[in-house]
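What follows is the residue order along each chain.
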Amino acid sequence: MVLPEGRRILKAMDGKSGYLSQSDLPLYFGLGAADHAASVEVRWPSGRRQTVGGPIPAGGTMEIVEP
C-alpha cells in the first residue's frame, strides 16, 4: 500500500504469471500529481507488516525485503 498525501493505493502480488510458473514482477504505483508518497506499507504472506516512512520521491524504484 502506498500512501500519497491523503490517498491509498493498494496492489497485490501473488507471484503467478502463467501456467506452472512463478515470477518476481515489480509493482508499479502511479501517484498522479503527487511528487512523493508519505509512506509504503507492505503486508507480507507471513502476516507481518512493514512500513517504510517517507517522504518517498516519485519516479524512483525501491526494493523492500521481508525482515
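Refer to the structure above for everything that follows.
Note that the coordinates shown come from a computational prediction; the quantities given were computed from them, not determined experimentally.

(A) The pairing of strand S3 (residues 49-57), seen in detail. As paired strands, strand S2 (residues 36-43) and S3 are joined by 7 bridges and run antiparallel to one another. Directly across from Ala37, in S3, lies its bridge partner Ile56. Taken together, S2 and the strand that follows it, S3, pair antiparallel across an intervening segment of 5 residues, in which Gly47 is found at a positive phi of about 100 degrees.

(B) Geometry of the environment of Val42. For Val42, the location among the structural elements is in strand S2. You can call Val42 buried: its relative accessible area is 17%. Linking Val42 and Glu66, residues 24 residues apart in sequence, is a C-alpha distance of 8.8 Å. Sequence-distant contacts of Val42, defined by excluding residues within four places in its chain, comprise Arg48, Arg49, Gln50 and Ile64.

Rules behind the numbers
- Residues numbered from 1 in each chain as written.
- Predicted model: local features only at pLDDT ≥ 70, side-chain atom pairs only at ≥ 80, totals over all residues.
- Heavy atoms only, no water.
- Pairing = 2+ DSSP bridges.
- Helix = DSSP H or I, 4+ residues; strand = E, 2+ residues; numbered from the N terminus.
- Buried < 20%, exposed > 50% of the residue type's maximum accessible area, 1.4 Å probe, protein only.
- Contact = heavy atoms within 4.5 Å.

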